[in-house]
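# Architecture and fold: a report
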Amino acid sequence: MKTITSRDNPLFKELKLLATSSQARRKAGRSLLDGVHLCQTYLEQVGMPPLCVVGEGSVMLPEVTAIVERCEAGRVQCVVFPDALYNTLSQVENGIGLLFVVDTPQTAVPGKLARPAVLLDNLQDPGNLGSILRSAAAAGMEEVFCSKGTAFAWSPKVLRAGMGAHFALRIFENVDLQTLVASAQIPVLATSSHASRRVYDLDLSQPVAWLFGHEGQGVSESLLAAASEKVSIPHLGPVESLNVAASAAVCFFEQVRQKTLSP
């Protein structure tokens, strides 16, 4: 591994920009995977990254050593930074000093909505988005479509919350959800606290697309009108609605429950 100690090094400057600027990550088409779990999951589900970066204090940790050796065997460039420099790249406090620089997947939006999917309309919070991706992957969803106003799916916060779910899903961003819903060949189910039909009343044994909206405003009126069905999640306590990530998990795993009960 090559050791870099200068803040003026061109590679360090490039990485610092990627670590601190969402605009720079989008322009470069690169994302940062921070920590052993994300890096290990990437190796297992995607393959070798373009670059592996290690903090000097973590070089000898067994879990880091195993990943670095695997990367070097795959001819991946591996570099070491002193911890003071590495810590300016990482957003994880007291984490293990390992990160991958990877190419952000660029996938063309399919012409029709035909596979189990999640549609996210103007979802703002990175933690909610990451949690939804994690639940979606666990529930066997295949595609996630994010509207233009939705948080960037490959930001560091979303990646950490997703815990590797990104690599099990096809994620599409800046999608015109109105056009996508119009193309749907499977039912599109929109969650709404005002819907009279409960999620538990639906037949979810077949593929569907779930539509979730903004944390405060919910799904837009135009998308609600275009959806095949509006559904609610009943609750007993004195609260107006569930957090969107919790709502998504309830919907996904009610579908899992029905599928696993089907003959």
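Provided above is the structure to which this section pertains.
Notes on the structure in this doc start here.

What counts, and where the lines are drawn
- Residues numbered from 1 in each chain as written.
- Predicted model: local features only at pLDDT ≥ 70, side-chain atom pairs only at ≥ 80, totals over all residues.
- Heavy atoms only, no water.
- Helix = DSSP H or I, 4+ residues; strand = E, 2+ residues; numbered from the N terminus.
- Contact = heavy atoms within 4.5 Å.
- Lys, Arg positive; Asp, Glu negative; His and termini not counted.
- Charge placed at Lys NZ, Arg CZ, Asp CG, Glu CD.
- Pairing = 2+ DSSP bridges.
- Axes fitted to C-alpha atoms, helices over the stretch in contact; angles between N-to-C directions.
- Buried < 20%, exposed > 50% of the residue type's maximum accessible area, 1.4 Å probe, protein only.
- Salt bridge = Lys/Arg side-chain N within 4 Å of Asp/Glu carboxyl O.
- Phe/Tyr/Trp six-rings, centres within 6.5 Å; stacked < 30°, edge-to-face > 60°.
- Polar contact = N/O pair within 3.5 Å; in protein donor to acceptor, adjacent residues only side chain to side chain.

### What about the overall build of the chain?
- Check the secondary structure of the chain and you find 10 helices and 11 strands.
- Taken along the three principal axes of its C-alpha coordinates, the chain extends 60 × 40 × 40 Å.
- Pairs at least 24 apart in sequence give 81% of the contacts found in the chain among residues at least 6 apart.
- Charge centroids of the chain, computed over 22 positive and 24 negative side chains, lie 4 Å from each other.

### Quick word on the sheet that holds strand 7 (residues 143–147)
- As summarised here, the arrangement of the 6 strands in space is 8-7-6-10-9-11, forming an open sheet in which the pairing is parallel. Every other strand in the sheet has two partners, leaving strand 8 (170–175) and strand 11 (229–231) as the edge strands with one partner each. Ignoring which end each strand starts from, the neighbouring axes of this sheet average 20° apart.
- With 4 bridges joining them, strand 6 (residues 117–121) and strand 7 adopt parallel strand pairing. Across the sheet, Ala117 pairs through a bridge with Glu143, a residue of strand 7.
- Those strands touched by helix 6 (residues 126–138) are strand 6, strand 7 and strand 8, and its axis lies near 170° from that of strand 6.
- Lying on the sheet, helix 10 (residues 244–261) is in contact with strand 6, strand 9 (188–191) and strand 10 (209–213); it crosses strand 10 at an angle near 165°.

### Overview of the sheet that holds strand 4 (residues 77–81)
- The strand order across the open sheet built from 5 strands is 1-4-3-5-2, with neighbouring strands paired in mixed fashion. Strands at the two margins of the open sheet, each flanked by one partner only, are strand 1 (2–3) and strand 2 (30–34).
- Looking at chain direction, strand 1 and strand 4 are connected through 2 bridges and run parallel. Its bridge partner being in strand 4, Thr3 is matched across the sheet by Val80.
- Here helix 1 (residues 10–20) sits on the sheet and contacts strand 2, strand 3 (51–55), strand 4 and strand 5 (98–103); the angle it forms with strand 4, its principal contact strand, is near 85°.

### Points about the pairing of strand 10
- In terms of burial, strand 10 is a largely internal element, 5 of the 5 residues being buried.
- On strand 10, burial covers both faces: Ala209, Leu211 and Gly213 on one face and Trp210 and Phe212 on the other are all buried.
- Sheet topology places strand 6 next to strand 10; 5 bridges connect them, and they run parallel. Paired with Asp121 across the bridge in strand 10 is Gly213.

### Concerning the pattern of salt bridges
- By the definition in use, this model includes 7 salt bridges.
- A salt bridge links Arg170 to Glu143, with the nearest nitrogen and oxygen atoms 3.3 Å apart. Pair noted here: Arg170 is in strand 8 and Glu143 is in strand 7, with a separation of 27 residues, a long-range link.
- The shortest N-O distance in the salt bridge between Asp201 and Arg198 comes to 3.1 Å.
- Here Arg198 falls in the partly exposed class, since its relative accessible area comes to 37%.
- A cluster of three or more residues bridged by salt bridges with shared partners is formed by Arg115, Glu142, Glu143 and Arg170.

### Examining the packing of aromatic side chains
- For the coordinates displayed, the defined rule picks out 7 aromatic pairs.
- Aromatic side chains Phe145 and Phe172 sit 4.7 Å apart centroid to centroid with 10° between the ring planes, which places their arrangement in the stacked category. Of this pair, Phe145 sits in strand 7 while Phe172 is found in strand 8, placing the two residues 27 residues apart along the sequence. In this structure, Phe145 and Phe172 share a single accessibility class: buried.

### So, the side chain of Thr104
- For Thr104, the position within the fold is in the loop between strand 5 and strand 6.
- Among the polar contacts made by the side chain of Thr104, one reaches the side chain of Ser31 at a distance of 2.6 Å.

### Quick look at the side chain of Gln255
- By secondary structure assignment, the location of Gln255 is in helix 10.
- Residue classification places Gln255 among the buried positions, given a relative accessible area of 3%.

### Topic: the environment of Gly35
- Mapping Gly35 onto the fold places it in the loop between strand 2 and helix 3 (36–45).
- Between the C-alpha atoms of Gly35 and Leu99, which are 64 residues apart in sequence, the distance is 5.7 Å.
- If we ignore the near neighbours within four places in the chain, the residues touching Gly35 are Ile96 and Leu98.

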